[in-house]
Amino acid sequence: MRKPAGTQSGCQSNRDRMALRAALPAAGALLVSACATPVGRYYPLDAGRSWTYTTLIQSANGQGATADTRVANLPARTLAGRTVTPQETDAFGQRRLRFISADELGVVEIADQDSAAAEPQIRDPANAILKTPLEPGAAWETTWETSQFGGRTLLPMTKTVESTDRPCTVAAGTFDNCLHLKLNGSGPVRADNGSAIVDVAGEEWFAPGVGYVRGLFTESVRDRPENGVHVEVSLNARTP
């Protein structure tokens, strides 16, 4: 991958890339059959739809990079015995596929595939993007993927529904009755001198009929403030 201007090489750029991967959890791919479900109302599910986001990744030392991120729904296929919608993401010169399964109970990412990988890699556990009931106070357990210290580690995380009836304004417009989630989690990561604890906090907004419209995320390492990463994702265009 070409290193964007303003970012560091090595562990820092790896950390930034993984922060971006975690920051686009559900921007557009569900099964068409899920449209009528409580979770499906937050997604236009047709293959061929696409979204463009402005993505900012900023390191604790003030260095940062901004780029357009394009997300597109591809035709449904079968993976690991399940019907999934592949979601293609292009950001900072890197292409990635995420495989999303949806039903009346929720939306989960069951696998992902980097451009260098020959086959999808099954996520264990799966990444629970949305889960019913979607009402204020409801919460569920899921995972956050970090690349602190050059590894790929899944951390336990809780998503909580903050509200479902408030607007969200981004460059693409103002959307009413958005689903607003709060995210919090932490866990150990193998570090260069043993282990370290990584903390994650964030917020996500999903608009009915539009999908993922905004995300704010912060990843920090206890006793290592230089390892902090902040990510902002904001919708600026969609087709159709």
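Q: What is the right way to look at the layout of surface pockets in this model?
A: Taking a probe equal in size to a water molecule and rolling it over the atoms shows the remaining empty space. The volume enclosed by the largest pocket comes to roughly 180 Å³. Together, 13 residues line the largest pocket, and Asp-103, Leu-105, Gly-106, Val-107 and Val-108 are the ones closest to its centre. For the lining of the largest pocket, the secondary structure elements donating two or more residues are β5 (94-103), β6 (106-114) and β7 (121-131). Of the residues that constitute the lining of the largest pocket, the class distribution is six nonpolar, three polar and four charged.

Q: Got a minute to help me understand the pattern of salt bridges in this structure?
A: Any two side chains of opposite charge can pair if their charged atoms end up close together. Summed over all chains, the structure comprises twelve salt bridges. With a shortest N-O distance of 2.5 Å, Glu-88 and Arg-95 are connected by a salt bridge. As a salt-bridge pair, Glu-109 and Arg-98 come within 2.8 Å of each other at their nearest N and O atoms. Here Arg-98 lies in strand β5 and Glu-109 lies in strand β6, a separation of eleven residues in the sequence. Classification of Glu-109 by relative accessible area gives buried; the value is 1%.

Q: What am I meant to see in the nonpolar core here?
A: As a rule of thumb, nonpolar side chains are buried together in soluble globular proteins. In this structure, Leu-130, Phe-175, Leu-179, Leu-181, Val-213 and Leu-235 are the most contacted members of the largest nonpolar core, which totals 49 residues. Counting residues per element, this core draws most heavily on strand β10 (residues 173-191), which supplies seven residues. When near neighbours in sequence (up to four residues on either side) are disregarded, Leu-235 contacts Trp-51, Thr-52, Tyr-53, Val-170, Ala-171, Ala-172, Phe-175, Val-210, Tyr-212 and Val-213. By size, the runner-up hydrophobic cluster in this structure holds six residues, among which are Val-84, Leu-97, Phe-99 and Ile-110.

Q: I tried to follow the packing of aromatic side chains on my own but got confused; where do I start?
A: The relative placement of two aromatic rings is captured by the distance of their centres and the angle of their planes. All chains considered together, the criterion is met by three aromatic pairs. Both rings, one in Tyr-53 and one in Tyr-212, keep their centres 5.9 Å apart while their planes meet at 55 degrees; by these two values the pair is tilted. Here Tyr-53, found in strand β1 (residues 50-59), pairs with Tyr-212, found in strand β12 (residues 211-221); they are 159 residues apart in sequence, far enough to count as distant. For Tyr-53, a relative accessible area of 0% translates into the label buried. By relative accessible area, which is 0% here, Tyr-212 ends up buried.

Q: Can you walk me through unusual backbone geometry in this structure?
A: A negative phi angle characterises most non-glycine residues, just as the trans form characterises most peptide bonds. Across the junction of Asp-124 and Pro-125, the peptide omega takes the value 5 degrees, indicating a cis bond. Among the structural elements, Pro-125 can be located in strand β7. Between Thr-132 and the following residue, Pro-133, the backbone shows a cis peptide bond with an omega angle of 0 degrees. When you line up the elements, Pro-133 lands in the loop between β7 and β8 (139-146). The backbone of Asp-223 shows a phi angle near 70 degrees, a positive value even though the residue is not glycine. Here Asp-223 shows up in the loop between β12 and β13 (224-239). For Asp-223, a relative accessible area of 79% puts it in the exposed group.

Q: For this particular structure, what's the right way to read the pairing of β8?
A: Two faces belong to every sheet, and in a regular strand the side chains alternate between them. Counted residue by residue, β8 has six buried out of eight residues, so it is predominantly covered. Of the pairings in the sheet, the one linking β8 to strand β9 (residues 153-170) comprises eight bridges and is antiparallel in character. Within β9, the position partnered with Trp-144 by the bridge is Leu-155. In this structure, the hairpin formed by β8 and β9 is closed by a connection of six residues, where Phe-149 is found at a positive phi of approximately 65 degrees.

Q: So what exactly am I meant to see when it comes to the pairing of β1 here?
A: Both β1 and β13 contribute to a ladder of ten bridges, which runs antiparallel. Paired with Trp-51 across the two strands is Arg-238, which belongs to β13. Where β1 lies against strand β2 (residues 64-73), nine bridges are found, and the strand directions are antiparallel. Its bridge partner lying in β2, Thr-54 is registered against Asp-68. Linkage of β1 to β2, two consecutive antiparallel strands, is achieved through a turn of four residues, within which Gly-62 is found at a positive phi near 95 degrees.

Calculation criteria
- Residues numbered from 1 in each chain as written.
- Predicted model: local features only at pLDDT ≥ 70, side-chain atom pairs only at ≥ 80, totals over all residues.
- Heavy atoms only, no water.
- 1 Å grid on protein atoms, 1.4 Å probe; cavity = no way out; pocket = protein on both sides within 12 Å on 5 of 7 lines; lining within 4 Å.
- Points joined across faces, edges and corners; volume = space filled by probe spheres on them.
- Helix = DSSP H or I, 4+ residues; strand = E, 2+ residues; numbered from the N terminus.
- Nonpolar A, V, L, I, M, F, W, Y, C, P; charged D, E, K, R; others polar.
- Salt bridge = Lys/Arg side-chain N within 4 Å of Asp/Glu carboxyl O.
- Buried < 20%, exposed > 50% of the residue type's maximum accessible area, 1.4 Å probe, protein only.
- Core = buried A, V, L, I, M, F, W, Y, C linked by side-chain atoms within 4.5 Å.
- Contact = heavy atoms within 4.5 Å.
- Phe/Tyr/Trp six-rings, centres within 6.5 Å; stacked < 30°, edge-to-face > 60°.
- Pairing = 2+ DSSP bridges.

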